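Below are the chains, spelled out letter by letter.
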Amino acid sequence: MGAEERRRGGGPRDSLAEARGPPPASPPTPSSAASASPASPAAAAAAPAAEQEPDGQRSPAASAAAESPGHQTDWHSGETTSKTEKQVRTEFALKEIMSSGGAEDDIPQGERKTVTDFCYLLDKSKQLFNGLRDLPQYGQKQWQSYFGRTFDVYTKLWKFQQQHRLRTSETSYLNEAFSFYSAIRQRSYYSQVNKEDRPELVVKKLRYYARFIVVCLLLNKMDVVKELVKELSDEIEDYTHRFNTEDQVEWNLVLQEVAAFIEADPVMVLNDDNTIVITSNRLAETGAPLLEQGMIVGQLSLADALIIGNCNNQVKFSELTVDMFRMLQALEREPMNLASQMNKSGMQESADKPTRRENPHKYLLYKPTFSQLYTFLAASFKELPANSVLLIYLSATGVFPTGRSDSEGPYDFGGVLTNSNRDIINGDAMHKRNQSHKEMHCLHPGDLYPFTRKPLFIIVDSSNSVAYKNFTNLFGQPLVCLLSPTAYPKALQDQSQRGSLFTLFLNNPLMAFLFVSGLSSMRRSLWEKCQEYLRKINRDIAQLLTHSRSIDQAFLQFFGDEFLRLLLTRFVFCSATMRMHKIFRETRNYPESYPQLPRDETVENPHLQKHILELASILDVRNVFFENTLDDY
C-alpha cells in the first residue's frame with residue numbers, strides 16, 4: 001500500500017474486508033500481532049476487530065463507533081482520543097444499540113460490561129500500536145519496552161476475545177450493527193465531509209457505505225441495499241469528479257460487484273404491482289420437515305460450519321461469493337419477529353415447542369491458503385462440543401490428478417483448490433514444478449481424515465467433487481459427503497457466474513426448480529402455492545429416508561438436526577429433479593453422495609417422481625421432464 005493510500009486510510013478493498021481476529025488455534029506472536037484472519041459473519045459486521053492492520057484499518061463497527069456523533073476526534077490532527085472520550089464513544093454505541101429497537105432483545109448487564117471492557121482493550125491496543133510509529137527508527141534497545149507493552153495488551157485482547165467469543169453467528173448482533181449504521185445515516189453524520197477538500201474523509205464515508213451494505217446483505221434487507229447502492233454510486237461519482245486519486249477504478253469495481261451481487265438470483269418473484277418480493281432463505285419455524293413419531297434418528301446437532309469459497313469467475317462482494325452467501329443463509333435461523341410475519345401458523349405452533357437453538361458458529365474463508373484452512377479446521381475440531389457436528393462447505397475449482405497412479409489413495413484423485421494465488425518468479429520453472437508436484441493449496445479427501453474422529457458433514461460444490469466419493473471412514477463416526485454434479489448441460493453453463501445450481505438447490509430449491517424449468521419470474525401467489533407444495537415434498541422425502549431399510553445409518557445420525565435434515569431433503573429433491581429433467585442426460589450431471597443413497601428408495605422413488613411432475617404441472621412446465629420413471633430408460 002502506497003503512502004498516499006495510507007494517508008487516505010486505506011483503499012476500498014480494506015474497507016470491504018471483514019472484521020478480523022487472530023486464528024483461534026494459537027495466540028498472537030510479535031510478528032503477527034497485526035495480521036488478518038477471516039472471522040464469522042456476525043463478528044465481521046458487528047464486532048470490533050481484535051487487531052488492526054498497520055495502515056490503521058478498523059473493523060466495520062469499530063470504525064462506526066470511532067466516527068460516531070459523540071466522538072470528539074480532531075479530523076485534521078488525527079490525535080488519539082483521551083480515555084474519557086473513549087468512554088463516551090462506547091456509551092454512545094451501547095445507547096444507540098439498545099435504544100434503537102433493532103435488536104431482538106436488550107443487551108444483558110453482564111454482556112454490556114463485556115462489550116465495554118472489550119472496547120477499552122481494543123482502544124488501548126490501537127493507541128499503543130500507533131505510538132510505535134512515532135519511535136525513532138534507529139538504535140536497538142529503546143523500542144523494546146514499548147513493543148513489550150503493546151504486545152502484552154494485544155495478548156490480553158486475544159485472550160479476552162477467545163474467552164467471551166463476542167458477537168459470533170448471532171443474528172441479533174447484526175441487527176444491532178444495522179441499527180447503529182442506520183443512526184449514523186439518519187443523523188447525516190457524514191453530511192459535512194463533501195464540503196472539505198480532504199479525500200481521506202470522503203474515503204471514510206465510502207467505507208462506511210460498503211460496510212453498511214455488507215450488514216444489510218447478511219440480514220437480507222435487499223430494499224435497503226438498493227438504496228445504499230444508489231447513494232454509494234452518487235458518492236463515488238462525486239469523489240472521482242473532485243479528486244484525481246489512484247483508487248477510482250477500485251471504487252467503481254466495488255459498485256459493479258455489489259450491483260451484480262444483488263441481481264444474482266435467476267428468478268424474480270413479483271407482486272401484483274410488479275414490485276419485486278424479497279424472499280428469505282433462512283430456516284423458518286416450519287422450514288424443516290418435522291420428525292414424526294416412530295422416526296429413529298440421531299441426537300447430533302450442528303455446532304460449527306466452515307464456509308470456504310474460491311470461484312474466480314463467480315459474482316462476489318467483499319470477501320463473499322454468491323455461493324458462500326447462499327450457504328450462509330441456509331445455516332441461519334429466521335429472526336423470530338420476521339418469522340411471525342411470514343408464517344403465522346408456525347408461530348402459533350411454537351408455543352408447545354422447546355426453545356430453539358442458536359445459530360451454528362460459522363467461519364467464512366475466502367480463498368484461504370492451506371495453512372489458514374487447516375488452522376481453522378483444527379480450532380473448530382478442538383472446540384466442538386460433545387454430540388455436535390462440524391460442517392465443511394467447499395465451493396471451489398477442481399484440481400484433477402496429473403497422471404495415472406499405481407495406487408488409489410486419498411491423495412490420488414485430486415481435490416479442490418482453496419487458493420489460486422501463485423508466486424510469479426519464473427513461469428517455466430513453476431510450470432515444470434507443477435507437473436511433478438501436487439498443488440500446494442489443493443484440499444484432498446485425505447487432508448480431512450484426521451477430522452473424521454468426530455461427526456463430519458461435508459458439502460463439495462466443484463468440478464472435481466467426485467474426488468470425495470473415495471472417502472474412507474477410519475474412525476466409525478458419522479460421516480456424510482454431499483457432492484455436486486461435475487458438469488452441467490451447455491444450456492446452463494453460461495449462468496455459472498451467478499452461482500452454482502447445486503448450491504442454489506440447497507439454499508432455495510423452488511427458485512432452482514424454476515430456473516431449470518426455464519422460468520425467470522412468477523407472481524407471489526403462485527410462488528407461495530408452490531412453496532407449500534414443496535414443504536409437502538420435503539415431508540415425504542423425510543419419510544423415505546427414515547423408512548428406508550438399506551440407507552446408511554450415517555444419514556439418520558445427522559437427521560435429528562434441523563439444518564442438516566433440511567439440507568438432506570433438499571439434496572434428494574435436487575438429485576431427483578435432475579434425473580428426471582430432459583437436458584440432464586449424462587451421469588456427471590447428477591449429484592452424488594458418500595455413502596451412496598439407495599436410489600430406488602430415494603432419488604429414483606416413483607412416489608417422489610410423481611410429486612415432481614405435479615409441481616411441474618402447477619407451473620405448466622411438465623414438458624421439460626420425462627413422464628416415465630428412470631427404470632424405463
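You'll find the structure just up there.
## A few points about the overall build of the chain
Secondary structure assignment for the chain yields 23 helices and 12 strands. Scored against the burial criterion, the 633 residues of the chain give a buried share of 56%. For the chain, long-range pairs separated by at least 24 residues make up 76% of all intrachain contacts whose partners lie at least 6 apart in sequence. Total accessible area computed for the chain in this model is approximately 28,700 Å², and 48% of it derives from carbon and sulfur atoms.

## Here's the deal with the pairing of strand β6 (residues 388–399)
Where burial is concerned, most of β6 is hidden: 11 out of the 12 residues are buried. Both strand β2 (residues 301–310) and β6 contribute to a ladder of 9 bridges, which runs parallel. Looking across to β6, one finds that L302 is bridged to V389. Relative to strand β9 (residues 456–461), β6 runs parallel, the two being bridged by 6 bridges. Considered in β9, the bridge of I392 is made with I458. Where β6 meets strand β7 (residues 415–417), 3 bridges bridge the pair, whose relative direction is antiparallel. Note that in β7 the partner of T397 across the bridge is L417.

## Digging into helix α15 (residues 370–383)
Across its 14 residues, α15 extends 20 Å between first and last C-alpha, which sits within 8% of the 20 Å expected from 1.5 Å per residue. Taken residue by residue, α15 has L373, F376, L377, A379, S380 and F381 as its buried positions. Check the buried side of α15 and you find it contacts β2, β5 (361–366), β6 and β8 (442–443).

## Things to note about unusual backbone geometry
Residue P595 follows Y594 across a cis peptide bond; omega there is -10°. Tracing the chain through its elements places P595 in the loop between β12 (592–594) and α23 (606–618). One non-glycine residue, N387, adopts positive backbone phi at about 60°. Residue position: N387 is located in the loop between α15 and β6. Residue class for N387 comes out exposed when judged on its relative accessible area of 58%.

## So, helix α19 (residues 509–516)
Here α19 lies mainly inside the structure; 8 of its 8 residues are buried. All of the buried residues in α19 are P509, L510, M511, A512, F513, L514, F515 and V516. Where α19 ends, the next residue or the one after it, G518, has phi of about 90°, a positive value.

## Considering a nonpolar patch on the surface
On the surface, a nonpolar cluster with roughly 240 Å² of combined accessible area is contributed by M268, I276 and I278. You can see I278 is positioned in the loop between β1 (268–270) and β2. Judged by its relative accessible area of 37%, I278 is partly exposed.

## Quick word on the packing of helix α20 (residues 524–547) against helix α22 (residues 562–580)
One can describe the packing of α20 onto α22 by two numbers: an axis separation of 9 Å at closest approach and a directional angle of 100°. Taken together, the axis directions place α20 and α22 in an arrangement best described as roughly perpendicular. Facing α20, whose interface residues are L534, I537, N538, I541, A542 and L545, α22 presents L566, T569, V572 and F573. For the contact of α20 with α22, the class distribution of residues is 8 nonpolar, 2 polar and no charged.

## Observations regarding the nonpolar core
Membership of the largest hydrophobic core comes to 123 residues, with the highest contact counts inside it found for L391, F457, I459 and L501. Considering each element in turn, this core owes the most residues, 13 residues, to helix α9 (residues 199–218). The residues contacting F457, other than those within four sequence positions of it, are V389, L390, L391, I392, V480, L482, F558, L564, L567 and L568. In this structure, Y363, L390, V416 and L456 belong to the second largest nonpolar core, which totals 29 residues.

## Side note on the pairing of β9
Of all 6 residues that make up β9, 6 are buried, and the element is covered over most of its length. Residue alternation in β9 divides its side chains into two sets, L456, I458 and V460 and F457, I459 and D461, and both sets are buried. Pairing between β9 and strand β10 (residues 479–483): 5 bridges, direction parallel. Considered in β10, the bridge of F457 is made with V480.

## Points about the environment of W143
Locating W143 in the fold gives a position in the loop between α6 (109–132) and α7 (144–164). Its relative accessible area of 37% is what places W143 among the partly exposed residues. Once the C-alpha coordinates of W143 and L132 are considered, the two residues, 11 residues apart in sequence, prove to be 7.9 Å apart.

## Considerations on the packing of α20 against α23
Running from N to C, α20 and α23 cross one another at 180°; their axes reach a closest spacing of 11 Å. The pairing of α20 with α23 is recorded here as roughly antiparallel in orientation. Counted together, L526, K529, C530, Y533, K536, I537, D540, I541 and L544 of α20 and H607, L608, H611, E614, L615 and I618 of α23 form the full contact between these two elements. When its residues are assigned to classes, the contact of α20 with α23 shows 9 nonpolar, 2 polar and 4 charged.

## A closer look at the pattern of salt bridges
Here the idea is simple: oppositely charged side chains can pair when their charged atoms come close. Tallied over the full model, the rule gives 19 salt bridges. Salt-bridge contacts for R185 lead to E227; the nearest nitrogen and oxygen are separated by 3.3 Å. Of this pair, R185 sits in helix α8 (residues 171–186) while E227 sits in helix α10 (residues 222–242), placing them 42 residues apart in sequence. Its relative accessible area of 26% is what places R185 among the partly exposed residues. Since its relative accessible area comes to 42%, E227 is described here as partly exposed. In this structure, the salt-bridge partner of E334 is R282, at a minimum N-O distance of 3.6 Å.

## Overview of the environment of I618
Checked against the element boundaries, I618 lands in helix α23. A residue is classified by how much of its surface remains accessible, and I618, at 27% relative accessible area, is partly exposed. Separated by 92 residues in the primary sequence, I618 and L526 place their C-alpha atoms 8.5 Å from one another. With near-sequence residues (within four places) excluded, I618 lies in contact with L526, K529, C530 and Y533.

## Description of the packing of aromatic side chains
Across all of its chains, the model carries 23 aromatic pairs by this definition. Centroid distance Y208 to F212: 5.9 Å. Interplanar angle 40°. Geometry classified as tilted. Taken together, the residues span about one helical turn, with Y208 and F212 both in helix α9 at a distance of 4 residues. Grouping residues by exposure puts Y208 and F212 together as buried. Between F261 and F325 the ring centres are 5.3 Å apart and the planes differ by 70°, which places this aromatic pair in the edge-to-face class. Separated by 64 residues along the polypeptide, F261 in helix α11 (residues 248–262) and F325 in helix α12 (residues 322–330) bring together distant segments of the chain.

About the thresholds
- Residues numbered from 1 in each chain as written.
- Predicted model: local features only at pLDDT ≥ 70, side-chain atom pairs only at ≥ 80, totals over all residues.
- Heavy atoms only, no water.
- Helix = DSSP H or I, 4+ residues; strand = E, 2+ residues; numbered from the N terminus.
- Buried < 20%, exposed > 50% of the residue type's maximum accessible area, 1.4 Å probe, protein only.
- Contact = heavy atoms within 4.5 Å.
- Areas by Shrake-Rupley, 256 points an atom, 1.4 Å probe, with all protein chains shown as cover.
- Pairing = 2+ DSSP bridges.
- Expected span 1.5 Å × (residues − 1).
- Patch = residues over 30% accessible without salt bridge, like charges linked within 9 Å, V, L, I, M, F, W, Y side chains within 5 Å.
- Salt bridge = Lys/Arg side-chain N within 4 Å of Asp/Glu carboxyl O.
- Axes fitted to C-alpha atoms, helices over the stretch in contact; angles between N-to-C directions.
- Parallel < 35°, antiparallel > 145°, perpendicular 65-115°, else oblique.
- Nonpolar A, V, L, I, M, F, W, Y, C, P; charged D, E, K, R; others polar.
- Core = buried A, V, L, I, M, F, W, Y, C linked by side-chain atoms within 4.5 Å.
- Phe/Tyr/Trp six-rings, centres within 6.5 Å; stacked < 30°, edge-to-face > 60°.

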